[in-house]
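The lines below spell out each chain.
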Amino acid sequence: MAGVFITIEGVEGSGKSTQLARLSARIQRLGLPLVVSKEPGGTALGKELRRLLLEPHPSGEVWCPDAELLLFYADRAQHLHAVVRPALDEGKLVLLDRFEDSTRAYQGASGVPDGAMDRIGDLVLRRLKPHLTLLLDLDPEEGMARVAARNGAHGAFAETRFDQAALEFHRRVRARFLALAQAEPNRIAVVSARESPDQVEAALWSRVSPLLRSAGLGVD
Ligand code: TMP
């Protein structure tokens, strides 16, 4: 693998999309060969899987945790095959909105045992790891309030949109992300998403630019 692989992770409402756009713009201004993509849904087939995974089905049926896990990994396998590995082999910089740490955090928080993710992860990833993972950390309560505001909810509606069970789930997700970061501090950089967008952007860039420099990609 010759390229540079960076992923960005975080709970809902952590400003991931805004920061991803800012980071990509900076990298593009430097003229570096960049591929920006996301999971789930980074390929044409993956977009179908994203819809199946994230949109409520009219029947009301929901995926059981194992089926959901396999669908996220099916999306990832296709994405690695069609987009990520070819770009890295060509020496490009690949920037992904969510990757394996999201599975560890979200499906782990849904009760999937770590051993199951270890086994399927080995099969699908074949030891591929991001060089750097940027984790935008935020209290889920604040993240959900931001999502509600973005969706145009306000007042009492904003407070009731996410019930207590959902909040508890997102607290577990956050705790799992932070535990992953603690286990791999050299790969995962935790950045507080509570600061202003400009401050968050600067904090992320201070992690990305040394990596680009050490990979021989011109950065000032
Ligand atoms: P996004 O809109 O931020 O891309 O979020 C996609 C949703 O899918 C988000 O709720 C996190 C979830 N997700 C998982 O549960 N497992 C995964 O492996 C991935 C990539 C995303």
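Above this text is the structure in question.
Residues numbered from 1 in each chain as written. Predicted model: local features only at pLDDT ≥ 70, side-chain atom pairs only at ≥ 80, totals over all residues. Heavy atoms only, no water.

### With respect to the site of the ligand
Point 1. As a structural note, the neighbourhood of the ligand is formed by 13 residues, with Glu 12, Arg 50, Arg 98, Thr 103 and Gln 107 the closest of them.
Point 2. In this structure, Arg 50 approaches the ligand through a side-chain N or O atom, which is 2.9 Å from an oxygen atom.
Point 3. The separation between an oxygen atom of the ligand and a polar side-chain atom of Thr 103 is 2.6 Å.
Point 4. Given that more than half its atoms are within 2 Å of the pocket grid, the ligand belongs to the largest pocket.
Point 5. Residue assignment for the shell around the ligand shows that the elements contributing at least two residues are α2 (44-54), α3 (65-89) and α4 (100-109).
Point 6. In terms of residue count, the dominant contributor to the shell around the ligand is α4 (four residues).
Point 7. Looking at the shell around the ligand residue by residue, the class counts come to four nonpolar, three polar and six charged. (Near = heavy atom within 4 Å. Polar contact = N/O pair within 3.5 Å; in protein donor to acceptor, adjacent residues only side chain to side chain. 1 Å grid on protein atoms, 1.4 Å probe; cavity = no way out; pocket = protein on both sides within 12 Å on 5 of 7 lines; lining within 4 Å. Sits in = over half its atoms within 2 Å of the grid points. Helix = DSSP H or I, 4+ residues; strand = E, 2+ residues; numbered from the N terminus. Nonpolar A, V, L, I, M, F, W, Y, C, P; charged D, E, K, R; others polar.)

### Considerations on the packing of aromatic side chains
Point 1. Under the definition given, this model contains three aromatic pairs.
Point 2. Each ring, one from Phe 5 and one from Phe 99, has its centre 5.1 Å from the other, and the planes form 75 degrees; the classification is edge-to-face. Of this pair, Phe 5 sits in strand β1 (residues 4-10) while Phe 99 is found in the loop between β3 (93-97) and α4, placing the two residues 94 residues apart along the sequence. Here Phe 5 and Phe 99 have matching classes, each one buried.
Point 3. Between Tyr 106 and Phe 177, the ring centres sit 6.1 Å apart and the planes meet at 80 degrees, which makes this aromatic pair edge-to-face. With Tyr 106 in helix α4 and Phe 177 in helix α8 (residues 164-183), the pair connects residues that are 71 residues apart, well separated along the chain. (Phe/Tyr/Trp six-rings, centres within 6.5 Å; stacked < 30°, edge-to-face > 60°. Buried < 20%, exposed > 50% of the residue type's maximum accessible area, 1.4 Å probe, protein only.)

### Observations concerning the pattern of salt bridges
Point 1. All chains considered together, the criterion is met by 19 salt bridges.
Point 2. The shortest N-O distance in the salt bridge between Arg 26 and Glu 201 comes to 2.9 Å. One end of the pair, Arg 26, is in helix α1 (residues 16-29); the other, Glu 201, is in helix α9 (residues 197-214), and 175 residues separate them in sequence.
Point 3. Its relative accessible area of 25% is what places Arg 26 among the partly exposed residues.
Point 4. Of the residues examined, Glu 201 reaches a relative accessible area of 15% and is grouped as buried.
Point 5. For Glu 142, the salt bridge goes to Arg 194, with nearest N and O atoms at 3.0 Å. One end of the pair, Glu 142, is in helix α6 (residues 140-150); the other, Arg 194, is in the loop between β5 (188-192) and α9, and 52 residues separate them in sequence.
Point 6. On the accessibility criterion, Arg 194 (59% relative accessible area) is exposed.
Point 7. Three or more residues are tied together by salt bridges with common partners; here these are Glu 39, Arg 76, Glu 100, Arg 104 and Asp 118. (Salt bridge = Lys/Arg side-chain N within 4 Å of Asp/Glu carboxyl O.)

### Points about the sheet that holds β1
Point 1. The strand order across the open sheet formed by five strands is β2-β3-β1-β4-β5, and the pairing between neighbours is parallel. Of all the strands in the sheet, just β2 (34-38) and β5 have a single pairing partner and so form its edges. On average, adjacent strands in this sheet sit at an angle of 20 degrees to one another, irrespective of strand direction.
Point 2. Pairing geometry for β2 and β3, over five bridges, is parallel. In the sheet register, Ser 37 faces β3, and the bridge partner there is Leu 96.
Point 3. Against the sheet, α1 touches β1, β2, β3 and β4 (132-137), its axis set at about 170 degrees to β3. (Pairing = 2+ DSSP bridges. Axes fitted to C-alpha atoms, helices over the stretch in contact; angles between N-to-C directions. Contact = heavy atoms within 4.5 Å.)

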